Amino acid sequence: MCTQSSGGRLRAVLSNRHHVLRALCTESATKPELVEKLDASRSTIDRAIRDLEDVECIESSDGRYRPTTTGQLALLEYDDYVSKTDTIDHATAFVNELPAESPIDCAMLRGCEITLSEPHAPELALQSSIDVFDRATTMRGLAPVVLTLYPKLIGDQVAAGDLTVEIVAQQNVVDSLAALDGNNGAQMTETDAVSIYSTTDSLPYALWIMETSEQDVAGITAYADGSVHGVLTNDSDVALRWAQDQYQTYKSRATRMETL
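Summary of the structure given here. (Residues numbered from 1 in each chain as written. Predicted model: local features only at pLDDT ≥ 70, side-chain atom pairs only at ≥ 80, totals over all residues. Heavy atoms only, no water.)

**Considerations on the side chain of Gln-246**
Consideration 1: Relative to the elements of secondary structure, Gln-246 occurs in helix α10 (residues 237-251).
Consideration 2: When neighbours within four sequence positions are excluded, Gln-246 is seen to be in contact with Pro-103, Tyr-205 and Leu-207. (Helix = DSSP H or I, 4+ residues; strand = E, 2+ residues; numbered from the N terminus. Contact = heavy atoms within 4.5 Å.)

Take a look at the structure:
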């Protein structure tokens with residue numbers, strides 16, 4: 001039966017000795033070989049070996065050291081932790097503008113591209129998503145706010161027969177679409193190519209998935225005080241799966257609008 005452990009000693013050793021453990025996970029080695037391979041002093045290697053043995057991450061036979069199963073698993077988790085914290089640090093300026101407790105996952109952040117708005121021209125950050133939209137054949141998304149440029153962009157591309165759209169919007173956004181000048185909002189529901197769903201959920205951000213002939217792309221648009229703060233895009237398979245799951249969760253609780 002497993003006993004509960006804080007793992008504090010293991011974490012401390014991994015933080016200080018991961019480079020030695022990594023070398024041994026690549027190939028077993030003697031202490032002199034580690035000194036040469038890592039360009040480290042003998043005393044440093046001695047301390048590292050002692051620490052790694054204390055937490056049972058390595059074992060020795062005939063003077064050669066190799067990782068245990070614990071050591072291999074620990075290094076994998078350590079690398080995953082480093083990767084995730086690097087990913088979060090890269091995205092900090094973007095994610096800190098999302099509402100508290102917003103559903104967000106490192107799957108969406110890892111390998112993403114982020115464009116932050118400029119104070120003098122906040123909507124320039126949207127260009128990255130508009131570039132994808134211009135190539136899209138299908139778009140699905142969550143709409144917590146309505147920007148007046150989108151209904152026309154969507155309407156023009158749908159009218160050209162190049163796009164199908166599915167949007168889950170907050171009720172206040174649905175009301176705003178109906179009130180838009182030029183009837184652009186109402187026209188969106190007059191074609192089978194556009195489906196709009198109303199939700200009572202408070203949507204934390206504008207999440208969207210666009211399918212293009214070259215590559216599907218998922219994205220999040222963050223807003224601060226009603227203005228665009230930034231846009232995050234990611235075309236990895238894991239990001240797309242996460243975005244699709246989030247979208248389907250909100251859609252399952254929404255009601256399709258027949259008219260605006």
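**Some remarks on unusual backbone geometry**
Consideration 1: Positive phi, close to 50°, is recorded for Asp-39, a residue that is not glycine.
Consideration 2: In this structure, Asp-39 sits in the loop between α2 (31-38) and α3 (42-54).
Consideration 3: Asp-39 gets classed as exposed once you look at its relative accessible area, which sits at 72%. (Buried < 20%, exposed > 50% of the residue type's maximum accessible area, 1.4 Å probe, protein only.)

**Describing α3**
Consideration 1: Relative to the 18 Å expected for 13 residues at 1.5 Å per residue, α3 spans 18 Å between its end C-alpha atoms, a close match to the ideal helical length.
Consideration 2: All buried positions along α3 are accounted for by Ile-45, Ala-48, Ile-49, Asp-51 and Leu-52. Buried residues along α3 cover an arc of 165° about the axis, so they all sit on one side.
Consideration 3: Just past α3, the residue Glu-56 takes up positive phi, approximately 60°. (Expected span 1.5 Å × (residues − 1). Arc of directions from axis to C-beta.)

**Digging into the packing of helix α1 (residues 8-26) against helix α4 (residues 69-95)**
Helix-helix packing: each pair is described by the crossing angle between the helix axes and the interaxial distance.
Consideration 1: Contact geometry of α1 with α4 gives a least axis separation of 10 Å together with a crossing angle of 110°. As far as their axial angle goes, α4 and α1 are roughly perpendicular. Contacts from Leu-10, Leu-14, Ser-15, His-18, Leu-21, Arg-22 and Cys-25 in α1 reach Gly-71, Gln-72, Ala-74, Leu-75, Tyr-78 and Asp-79 in α4.
Consideration 2: By residue class, the composition of the contact of α1 with α4 is 7 nonpolar, 4 polar and 2 charged. (Axes fitted to C-alpha atoms, helices over the stretch in contact; angles between N-to-C directions. Parallel < 35°, antiparallel > 145°, perpendicular 65-115°, else oblique. Nonpolar A, V, L, I, M, F, W, Y, C, P; charged D, E, K, R; others polar.)

**Some remarks on the packing of aromatic side chains**
Consideration 1: Applying the stated rule across the entire model yields 0 aromatic pairs.
Consideration 2: Positioned above the aromatic ring of Tyr-250, the side-chain terminus of Arg-253 is 5.4 Å from the ring centre. (Phe/Tyr/Trp six-rings, centres within 6.5 Å; stacked < 30°, edge-to-face > 60°. Lys NZ or Arg CZ within 6 Å of the ring centre and 35° of its normal.)

**Notes on the packing of α1 against α3**
Consideration 1: At a minimum axis separation of 9 Å, α1 and α3 run at an interaxial angle of 120°. As summarised for this structure, α1 and α3 are arranged oblique, according to the angle between their axes. Of the two elements, α1 crosses α3, and the hand of that crossing is left-handed. Across the interface between the two elements, Arg-9, Val-13, Arg-17, Val-20, Leu-21 and Leu-24 from α1 touch Thr-44, Ile-45, Arg-47, Ala-48, Ile-49, Asp-51, Leu-52 and Asp-54 from α3.
Consideration 2: Counted by class, the contact of α1 with α3 contains 8 nonpolar, 1 polar and 5 charged residues. (Left-handed = near helix turned anticlockwise from the far one by under 90°.)

**Regarding the nonpolar core**
Consideration 1: Formed by 27 residues in total, the largest nonpolar core has its most connected members in Met-139, Ile-154, Val-158, Leu-163, Val-165, Ile-167 and Met-210.
Consideration 2: Ala-91, Leu-207, Ala-222 and Ala-243 belong to the second-largest nonpolar core, a separate cluster that totals 26 residues. (Core = buried A, V, L, I, M, F, W, Y, C linked by side-chain atoms within 4.5 Å.)

**Observations regarding the sheet that holds strand β6 (residues 194-199)**
Consideration 1: Taken in spatial order, the 8 strands make up an open sheet running β3-β9-β8-β7-β4-β5-β6-β10, and their pairing is mixed. Whereas interior strands pair on both sides, the edge strands pair on one side only; in this sheet they are β3 (113-116) and β10 (255-257). Between one strand axis and the next, the sheet turns through 20° on average, direction left out of account.
Consideration 2: Bridge count for strand β4 (residues 136-143) against strand β7 (residues 206-212) is 5 bridges, and the pairing is antiparallel. In the sheet register, Ala-136 faces β7, and the bridge partner there is Thr-212.
Consideration 3: Across the sheet, α10 is in contact with β4, β5 (164-170), β6, β7, β8 (217-224) and β9 (227-234); its angle to β7 comes to roughly 120°. (Pairing = 2+ DSSP bridges.)

**Considering the state of the cysteines**
Consideration 1: Applying the stated criterion across every chain, the model contains 0 disulfides.
Consideration 2: You can see Cys-25 has no disulfide; the closest cysteine sulfur is in Cys-57, sitting 8.5 Å from it.
Consideration 3: Residue classification places Cys-25 among the partly exposed residues on the basis of a relative accessible area of 32%.
Consideration 4: No disulfide involves Cys-112; its nearest neighbouring cysteine sulfur is the one of Cys-106, lying 10.0 Å away.
Consideration 5: Residue Cys-112 is classed as buried on the basis of its relative accessible area of 9%. (Disulfide = S-S within 2.5 Å.)

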